[in-house]
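Okay, here's what each chain looks like letter by letter:
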Amino acid sequence: MSDLRYDPIFGQWAVIAEKRNSRPVEFQQFSQRRAGIDCPFCKGNESVTPPAIEEWSASRPHQEENPDWTVRILPNKFPALDESLSVVGPDLPDQQAASFTSGKLATQSPAMPYQEVIVLSPRHVVSLSGLNDEELSTSFAVLQARLNFHKKRSDIAHVCLFMNCRPLAGASIEHSHFQLIASPICTQQVYDRIARMRQTSADQAETVWQNRLAWEARQGERILCETARFLVFCPFASRHSNQIRIAPKSDLPFAELAASSRNELAQLCRQWIDGIERCLDDPAYNLIFHLPPCHDMNAPWFVDLVPRFPQSAGFELATECWVNPVAPETAAEQFRNFAKSR
Ligand SMILES: [Zn+2]
């Protein structure tokens, strides 16, 4: 059996086709870390990286030099967006065109980097699930503080926060780290997603986003857990197998979350990353903050946890309709059973 399901948040289709899981596979994907690597993010190797932008411990930045850091913020040594960035091409979308004068970006002086790496532990920890409580709470305090710093920049339209864990998810360094990209443009996909989330139902009682969360909560079969502040579920039209969404129930932006809510979000991320790793044999994953543009931070946001398996093929590239071989109901049941057994 297969279903075609529409996602009104991303405006995209997914085919849920569990039969695909029994396809024969003749190939093996193999990715192993090279031997003898001295990790640049481990404590003691600070001289290998560019000087830190900030170092934090106990959820606060250090005022003076202190070798006992918990979280370290570095400029990205190999950024996609560097200081020489300019906008080329004649056909800028209307929403972006106003930000640029004849292709030049309105840069701040002195030039600030667009990309940062946030090292989540002084220990060689591979996944966010391996962070201890202090590392976890400090990491999320840093994510919030760096977002708040960059969103005030006049040259920045959107801040993207994400984590790539293991090579199939795009990680090139094994040591657990987040990436921050403060971009002078906000893509049309982000603007469109926010517009779709804010559309109201026929009776104007709620937005599409509120309606979707309430509907998932009522249906229940894809819910992993619900707290006073967050709903954790496998979205109905998941494009990726075993995808998990963590959505805040309040309208408060991530940038303004109190420490208690921020810590709860951090713990939910750790708990369900641990869940996918134990259920699915340590897959690569991306943890993605879907944040609104900087000028509109009160718009809804959420976090997606996407385990990565080789998936996109010709059909997905041709149509942007994704084939997902694991029904989100099946994934949710497996994750709930795992949580019960713990
Ligand atoms: Zn390391």
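Please read these numbers as outputs of a predicted model, since none were measured by experiment.

Thoughts on the overall build of the protein
Looking only at helices and strands, the protein features seven helices and 16 strands. The buried share of the protein, taken over its 342 residues, is 50%. A separation of at least 24 residues holds for 68% of the contacts in the protein among residues at least 6 apart in sequence. As presented, the protein carries roughly 17200 Å² of accessible surface, and 51% of it is formed by carbon and sulfur atoms.

Let's talk about the sheet that holds strand β8 (residues 115-119)
Spatially, β4-β3-β5-β8-β10-β9-β14-β15-β13-β12-β11 is the arrangement adopted by the eleven strands of the open sheet, whose pairing is antiparallel. In this open sheet, the two edge strands, each paired with only one partner strand, are β4 (60-61) and β11 (223-226). Across five bridges, β8 lies against strand β10 (residues 177-183) in antiparallel orientation. Note that in β10 the partner of Gln-115 across the bridge is Ile-181. Sheet contacts for helix α2 (residues 133-151): β3 (54-57), β5 (71-75), β8, β9 (158-165), β10 and β14 (284-290); angle to β3, the most-contacted strand, approximately 140°.

Concerning the pattern of salt bridges
Oppositely charged side chains are able to pair whenever their charged atoms sit close together. Applying the stated criterion to the full structure yields 18 salt bridges. For the salt bridge of Asp-3 with Arg-5, the shortest nitrogen-to-oxygen distance reads 2.9 Å. Among the residues examined, Arg-5 registers a relative accessible area of 7% and is labelled buried. For the salt bridge of Glu-135 with Arg-123, the shortest nitrogen-to-oxygen distance reads 2.7 Å. Of the two residues, Glu-135 sits in helix α2 while Arg-123 sits in the loop between β8 and α2, which places them twelve residues apart along the sequence. We classify Glu-135 as buried; its relative accessible area is 3%. The class for Arg-123 is partly exposed, based on a relative accessible area of 38%. When salt bridges that share partners are traced, they join Asp-3, Arg-5, Glu-216, Glu-221, Arg-222 and Glu-329 into one network.

Focus on the packing of helix α5 (residues 259-280) against helix α7 (residues 328-341)
Where α5 contacts α7, the axes come no closer than 10 Å and their chain directions differ by 100°. Between α5 and α7, the angle is such that the two are roughly perpendicular. Touching Trp-272, Asp-274, Gly-275, Ile-276, Arg-278, Cys-279 and Leu-280 of α5 are Gln-334, Phe-335, Phe-338 and Ala-339, all from α7.

Re the nonpolar core
If you look at the biggest cluster of nonpolar residues, it comprises 57 residues, and the most contacted ones within it are Leu-128, Phe-254, Leu-265 and Phe-289. With ten residues, the next largest nonpolar core counts Ile-9, Ile-223, Leu-231 and Phe-302 among its residues.

Things to note about the packing of aromatic side chains
All chains considered together, the criterion is met by nine aromatic pairs. With a centroid separation of 6.3 Å and an interplanar angle of 80°, the aromatic rings of Phe-140 and Phe-178 are classed as edge-to-face. You can see Phe-140 sitting in helix α2 and its partner Phe-178 sitting in strand β10, a full 38 residues away along the chain. Taking relative accessible area as the criterion, Phe-140 reaches 0% and is therefore assigned buried. Judged by its relative accessible area of 0%, Phe-178 falls in the buried class. For the pair Trp-215 and Phe-236, a centre-to-centre distance of 5.2 Å together with 90° between the ring planes defines the contact as edge-to-face. Taken together, the positions of Trp-215 in helix α4 (residues 208-219) and Phe-236 in the loop between β12 (230-233) and β13 (244-248) put the pair 21 residues apart, joining distant regions of the chain. According to the relative accessible area criterion, Trp-215 is partly exposed, its value standing at 23%. Cluster of aromatic residues (ring-pair linked, three or more members): Phe-140, Phe-178, Phe-254, Phe-289 and Trp-301.

Cut-offs applied
Residues numbered from 1 in each chain as written. Predicted model: local features only at pLDDT ≥ 70, side-chain atom pairs only at ≥ 80, totals over all residues. Heavy atoms only, no water. Helix = DSSP H or I, 4+ residues; strand = E, 2+ residues; numbered from the N terminus. Buried < 20%, exposed > 50% of the residue type's maximum accessible area, 1.4 Å probe, protein only. Contact = heavy atoms within 4.5 Å. Areas by Shrake-Rupley, 256 points an atom, 1.4 Å probe, with all protein chains shown as cover. Pairing = 2+ DSSP bridges. Axes fitted to C-alpha atoms, helices over the stretch in contact; angles between N-to-C directions. Salt bridge = Lys/Arg side-chain N within 4 Å of Asp/Glu carboxyl O. Parallel < 35°, antiparallel > 145°, perpendicular 65-115°, else oblique. Core = buried A, V, L, I, M, F, W, Y, C linked by side-chain atoms within 4.5 Å. Phe/Tyr/Trp six-rings, centres within 6.5 Å; stacked < 30°, edge-to-face > 60°.

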